[in-house]
Amino acid sequence: MKKVSIVVPCYNTAAYLARCMEHIIRQTIGLENIEIILVDDASTDNGATLQMIMEYEQKYPETVIAVPLEQNMRQGGARNIGISYAGGEYLMFCDADDWLSLDAMEILYRTAQEYQADVVEYLMKEVTVYDEGIEPVEEEYSVYLGDMGDEAYRKKMLMVSADDFSLGCMRKFYRLSLILDNRIRFAEHLRLEEPSFTLPVRLYEKTHICIDKVLYYYFQTPNSTMRGGTHSWDDRKFDNAKVWISLIDDLEGRGFLQKYYPELECMFYDWGFGLSIRMLLQKGYTLTRDEMQFFKEVMLRLFPNIKRNPYIRTRNNDWDMILHTVLETELTQENVQEFNRIMQYYLYRYAEESEKKNV
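Residues numbered from 1 in each chain as written. Predicted model: local features only at pLDDT ≥ 70, side-chain atom pairs only at ≥ 80, totals over all residues. Heavy atoms only, no water.

Quick look at the overall build of the chain now. Of the regular secondary structure elements, the chain holds 14 helices and nine strands. Here the C-alpha radius of gyration of the chain, 21 Å, is about what a compact globule of 359 residues would show, namely 21 Å. Principal-axis analysis of the C-alpha atoms places the extent of the chain at approximately 60 × 50 × 45 Å. Out of the 359 residues belonging to the chain, those deemed buried represent 52%. Excluding contacts between residues fewer than 6 apart, the proportion of contacts in the chain whose partners are at least 24 apart in sequence is 82%. With the model as given, the accessible surface of the chain reaches about 17,200 Å², and the carbon-plus-sulfur share is 48%. (Helix = DSSP H or I, 4+ residues; strand = E, 2+ residues; numbered from the N terminus. Rg over C-alpha atoms; globule rule 2.2 N^0.38 Å. Buried < 20%, exposed > 50% of the residue type's maximum accessible area, 1.4 Å probe, protein only. Contact = heavy atoms within 4.5 Å. Areas by Shrake-Rupley, 256 points an atom, 1.4 Å probe, with all protein chains shown as cover.)

Following this line, the structure appears as structure tokens:
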């Protein structure tokens, strides 16, 4: 059994894949301990990406598994297919335009073994320029142990911010058996699918380790999922809400919704309802009455008593006040226009204040 399986979804990434692969092949853990699963998600670049993938499989037949898909599954579906091929002890993901620190797998595997961790979480750095000089650096880093077997601690970790305890899938190192035994999968054919995978993981895992060391470099290309222009979201406005609707249904079937009802109710309010609206406004959209009504109806259908949520009731901020008003108001074309204006002003002011804090 290989120590690490890494799944790399690829869609029209011929320009970046060689760099990503170099940083995987040169891992200090040793190539003999790595299984690399390259999934071509029905690329449309005249076979350029698929050809590169097949060449890597031919060059490294004991290490690389090439998986060509006939239908585009988006990243969630491509990762699911990749997981079905995985046979390593631990699992991780890397997008084809990103790269790992050369010592990432060695550090993560050693940490996971030392603490018998189900998940090891690490830091990610956003970059716009590739630094060819990135090499492993011997430096001290801290390790934080999270005992998810303590239910009070687990509930606390459900409610912390994404920066502290990410809902993203990329900066985590997973025990593969945890994923397979509990049949954890990503939502497919949707953007912003990662919580559909990481939240069930958070509810099943027993030991979660965080290390404060950058091991993943997220390269912001113009074509990245989250950086596309407004036009690229025209038919994807409801994807985030759909992911969370499906996720809540999945968690109910697993018995988690009743067990963690206040926490999951609050998370849906923040991430399924609030983020769906906030994200579209930040991308320059003005929501129509029907669009805002959709988000409102979903919120109240799944969690009709959201205003009584113990976590939300203790908060006092302008964004929550706006969202509460939306939920309490019969929406019309006129007041939705006003809600758009108020929300856009709030987000502009919030961005200004955040920028000042970072100076």
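Per the stated rule, a full pass over the model turns up 20 aromatic pairs. Arranged with centres 5.3 Å apart and planes meeting at 85 degrees, the rings of Y174 and F197 form a pair that is edge-to-face. Of the two residues, Y174 is situated in strand β8 (residues 172-175) and F197 in helix α7 (residues 195-204); the sequence distance between them amounts to 23 residues. Note on Y174: relative accessible area 0%, which makes it buried. Taking the centre distance of 5.4 Å and the plane angle of 25 degrees together, the rings of W319 and Y346 count as stacked. With W319 in helix α13 (residues 318-328) and Y346 in helix α14 (residues 333-358), this residue pair connects regions lying 27 residues apart in the sequence. Of the two residues examined, W319 and Y346, each falls in the buried class. Just above the ring of F93 sits the side chain of R79; from NZ or CZ to the centre is 5.8 Å. Above the face of the W319 ring, R278 is positioned so that its terminal group lies 5.2 Å from the ring centre. (Phe/Tyr/Trp six-rings, centres within 6.5 Å; stacked < 30°, edge-to-face > 60°. Lys NZ or Arg CZ within 6 Å of the ring centre and 35° of its normal.)

With that settled, consider the packing of helix α10 (residues 261-282) against α13. It is the contact of α10 with α13, at a shortest axis distance of 12 Å, that shows an interaxial angle of 90 degrees. Put simply, α10 runs roughly perpendicular to α13. In this structure, α10 contributes Y269, F273, G274, I277 and R278 to the contact, and α13 contributes W319, D320, L323, H324, V326 and L327. Within the contact of α10 with α13, the residues separate by chemical class into seven nonpolar, two polar and two charged. (Axes fitted to C-alpha atoms, helices over the stretch in contact; angles between N-to-C directions. Parallel < 35°, antiparallel > 145°, perpendicular 65-115°, else oblique. Nonpolar A, V, L, I, M, F, W, Y, C, P; charged D, E, K, R; others polar.)

Next up on the list: the nonpolar core. Core analysis: the largest hydrophobic core is formed by 61 residues, its most contacted members being I6, I24, F93 and F173. With six residues, helix α4 (residues 104-115) is the largest single contributor of residues to this core. Ignoring any residue separated from it by four or fewer positions in sequence, one finds F93 in contact with I6, V7, R79, I83, C169, M170, Y174, F186, F197 and Y216. Formed by 47 residues, the second largest nonpolar core is a distinct cluster that contains I277, M279, F295 and W319. (Core = buried A, V, L, I, M, F, W, Y, C linked by side-chain atoms within 4.5 Å.)

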